[in-house]
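As a plain string of letters, each chain reads:
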Amino acid sequence: MENFFPDHWSTLYLGLIFSITLAQMLVVYDLSSSTSPPAGLGMFTVYAMATMISWVLFTLQQGLDATLGISAPPVAWVINGYLLFIAATQRAGVIRGRITLGVICLLGTLCVLFLQQENLFVLSALLSSLCFTACAVIFARRGMDQRNVGDAIMCIAAVLMVAGAMIGLYQLYVRDDFAGAQLVSFGAYSWAYVLVVVGFLASVLVEYQQHLSHLATIDPLTQLLNRRGLETSLQVTLARAHRLDSFTSAVVIDIDHFKQINDSFGHETGDKVIRMVAGIITRSCRGSDVVARIGGEEFLLVMPETELEFARKVAERLREAIAEHPLWVDRQRIPLTVSLGVAGIRGEISLDQLQQEADRAMYLAKRNGRNRVAWVDNKPVHLSNSVV
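A few points on the structure. (Residues numbered from 1 in each chain as written. Predicted model: local features only at pLDDT ≥ 70, side-chain atom pairs only at ≥ 80, totals over all residues. Heavy atoms only, no water.)

1. Here we look at the overall build of the chain
If you tally the helices and strands in the chain, you get 12 helices and 8 strands. Once local pairs closer than 6 in sequence are excluded, the contacts in the chain between residues at least 24 apart make up 70%. Carbon and sulfur atoms form 59% of the exposed surface of the chain, whose accessible area is close to 19,600 Å². (Helix = DSSP H or I, 4+ residues; strand = E, 2+ residues; numbered from the N terminus. Contact = heavy atoms within 4.5 Å. Areas by Shrake-Rupley, 256 points an atom, 1.4 Å probe, with all protein chains shown as cover.)

2. Concerning helix H6 (residues 149-173)
Along its 25 residues, H6 runs 36 Å from first to last C-alpha, staying within 8% of the 36 Å computed at 1.5 Å per residue. Its side-chain oxygen placed 2.9 Å from the backbone nitrogen of Gly-150, Asn-148 serves as the N-cap of H6. (Expected span 1.5 Å × (residues − 1). Polar contact = N/O pair within 3.5 Å; in protein donor to acceptor, adjacent residues only side chain to side chain.)

3. Description of the environment of Asp-177
Mapped onto the elements, Asp-177 comes out in the loop between H6 and helix H7 (178-217). In this structure Asp-177 comes out as partly exposed when scored by relative accessible area, which is 31%. Those residues in contact with Asp-177 that lie beyond four places of it in its chain are Gln-171 and Leu-172. There is a polar contact of 2.9 Å between the side chain of Asp-177 and the backbone nitrogen of Gly-180. (Buried < 20%, exposed > 50% of the residue type's maximum accessible area, 1.4 Å probe, protein only.)

4. Quick word on the nonpolar core
One finds Phe-44, Leu-84, Phe-121, Phe-132 and Phe-139 to be the most contacted residues of the largest nonpolar core, which totals 43 residues. Here this core takes 10 residues from helix H5 (residues 117-146), the largest share from any one element. In this structure, Ile-255, Ile-280, Cys-285 and Ile-322 belong to the second largest nonpolar core, which totals 33 residues. (Core = buried A, V, L, I, M, F, W, Y, C linked by side-chain atoms within 4.5 Å.)

5. What about the environment of Met-362?
Counting through the fold element by element, Met-362 comes out in helix H12 (residues 351-367). You can call Met-362 buried: its relative accessible area is 1%. Sequence spacing of Met-362 and Val-251 is 111 residues, and the spatial spacing of their C-alpha atoms is 8.5 Å. Those residues in contact with Met-362 that sit more than four places away from it in its chain are Val-252, Asp-254, Glu-298, Ser-339, Leu-340 and Gly-341.

6. What about the environment of Ile-138?
Structurally, the position occupied by Ile-138 is in helix H5. On the basis of relative accessibility, which here comes to 14%, the residue Ile-138 falls in the buried class. Between the C-alpha atoms of Ile-138 and Asp-151, which are 13 residues apart in sequence, the distance is 8.8 Å. When sequence neighbours within four positions are dropped, the list of residues in contact with Ile-138 reads Phe-85, Ala-88, Thr-89 and Ala-92.

7. Things to note about the state of the cysteines
This model, assessed by the stated rule, comprises 0 disulfides. For Cys-105, which is in no disulfide, the shortest distance to another cysteine sulfur is to Cys-131 and amounts to 3.4 Å. (Disulfide = S-S within 2.5 Å.)

8. Quick word on the packing of aromatic side chains
For the coordinates displayed, the defined rule picks out 5 aromatic pairs. Measuring from ring centre to ring centre gives 4.3 Å for Phe-44 and Phe-200, while their planes differ by 25 degrees; the resulting arrangement is stacked. Of the two residues, Phe-44 sits in helix H2 (residues 41-63) while Phe-200 sits in helix H7, which places them 156 residues apart along the sequence. Residue class for Phe-44 comes out buried when judged on its relative accessible area of 0%. Taking the relative accessible area as the measure of exposure, Phe-200 reaches 0% and is therefore buried. (Phe/Tyr/Trp six-rings, centres within 6.5 Å; stacked < 30°, edge-to-face > 60°.)

9. Quick look at the packing of helix H8 (residues 227-244) against H12
Two elements in contact, H8 and H12, have axes separated by 11 Å at closest approach and are oriented at 110 degrees. Considered as vectors, H8 and H12 are oriented roughly perpendicular to each other. On H12, the residues that touch Arg-227, Leu-230, Glu-231, Leu-234 and Leu-238 of H8 are Leu-351, Asp-352 and Gln-355. For the contact of H8 with H12, the per-class residue count stands at 4 nonpolar, 1 polar and 3 charged. (Axes fitted to C-alpha atoms, helices over the stretch in contact; angles between N-to-C directions. Parallel < 35°, antiparallel > 145°, perpendicular 65-115°, else oblique. Nonpolar A, V, L, I, M, F, W, Y, C, P; charged D, E, K, R; others polar.)

10. Re the side chain of Arg-372
Of note, Arg-372 is situated in the loop between H12 and strand S7 (373-376). Buried within the structure, Arg-372 lacks any salt-bridge partner; Asp-256 is the closest side chain of opposite charge, at an N-O distance of 8.1 Å. Polar side-chain contacts of Arg-372 include one of 3.1 Å to the backbone oxygen of Asn-368. At 3.2 Å, the side chain of Arg-372 and the backbone oxygen of Arg-370 are in polar contact. (Lys, Arg positive; Asp, Glu negative; His and termini not counted. Salt bridge = Lys/Arg side-chain N within 4 Å of Asp/Glu carboxyl O.)

11. Details of unusual backbone geometry
A positive phi angle is found at Gln-223, which is not glycine, with a value near 65 degrees. Here Gln-223 is to be found in the loop between H7 and H8.

12. Digging into the pairing of strand S6 (residues 338-346)
When you tally the buried positions in S6, you get 8 out of 9 residues, the bulk of the element. When strand S1 (residues 247-255) meets S6, the two strands line up antiparallel, connected through 9 bridges. Its bridge partner lying in S6, Phe-247 is registered against Arg-346. Sheet topology places S6 next to S7; 4 bridges connect them, and they run parallel. Across the sheet, residue Val-342 finds its bridge partner in S7, namely Trp-375. Assessed by its sense of winding, the connection that carries the chain from S6 through H12 to S7 is left-handed. (Pairing = 2+ DSSP bridges. Right-handed = clockwise from strand over helix to strand, strands pointing away.)

13. Re helix H9 (residues 258-265)
Listed in full, the buried residues belonging to H9 are Phe-258, Ile-261 and Asn-262. Angularly, the buried residues of H9 cover 95 degrees about the axis, an arc narrow enough to put them on a single face. Across H9 from its buried face, at more than 90 degrees, point the exposed residues Lys-259, Gln-260, Asp-263 and Ser-264. Each element contacted by the buried residues of H9 is listed here: S1, helix H10 (267-283) and strand S5 (332-334). Trailing H9 by a residue or two, Gly-266 shows a phi angle of about 100 degrees, which is positive. (Arc of directions from axis to C-beta.)

Given below as structure tokens:
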């Protein structure tokens, strides 16, 4: 292997590796100061540093004409493969297999003291292939679950390393070309490292974009949609209602006397009330319904392809369910009631118009004693007489 890595190539190569590693370190430094650093950030950093050190040792060994008697690359492939496996499991939240694979890799690296160079190359190719195959499976599964292209890139990197190791073994056993086998494996490992770094940074970027999108569309207290998320979610639904000339109904739910609850028991209790009501609404909805928190104590339930009469019955069930679940604070019972307004419009409709109609009905329910349902169907307003 001493003839395929000339001095000028080693200088360029190490310069590239240092540049890539430095770029990753800068990103890692910035991410580590965030309130929620990405999963596996520490181990990916260890993997990058260990890989860079192994390349430095390998280059120094080439300059010394391999007088150390120990082949650095095969050992590095095994160690770094296991480090990447640990980083992958941390990122995916998987804990199984770490100890078993760690013991196997440890025993393999100890063989550096006993095996000849070619035999050590074969052993390291098999062990590193085992590590990178496990990494590929984890990255592929996480990439599909999270829809993250960065994990897909890291999966490709792991597959590339396994392919390089297999081609290297082919070069050794079929063509009897040990130097060629080392060169192929070394090249595959180099490209795999670059792809892992790019994939990790891409994965983190995608996660942050998803996180920002989540913050922009999800209410943090209830995990329901906020107003912006509701508009985005209903674009296709309202367009379909217009095209098919179907009914779309909406229910506005407002917690009665919420300000008094906040003033009497504190904002923490008020938050519990909001979460409790949100949970009851969510459990009472169909899969096609869309629920959002549109104000401090106000919720909007949109029911596609649903006529007013059915929406009114759903609102009555919601009112009864919430009234039957008081909140207990320090052994004190806090009764909960809601006022609901229902509106139903057929054909072309905007979210603003639908909400305004339901709001108008809800305010009528408030004015007539609360804890009741009122509804609007573009005709005279009606009021139910049912009160708990």
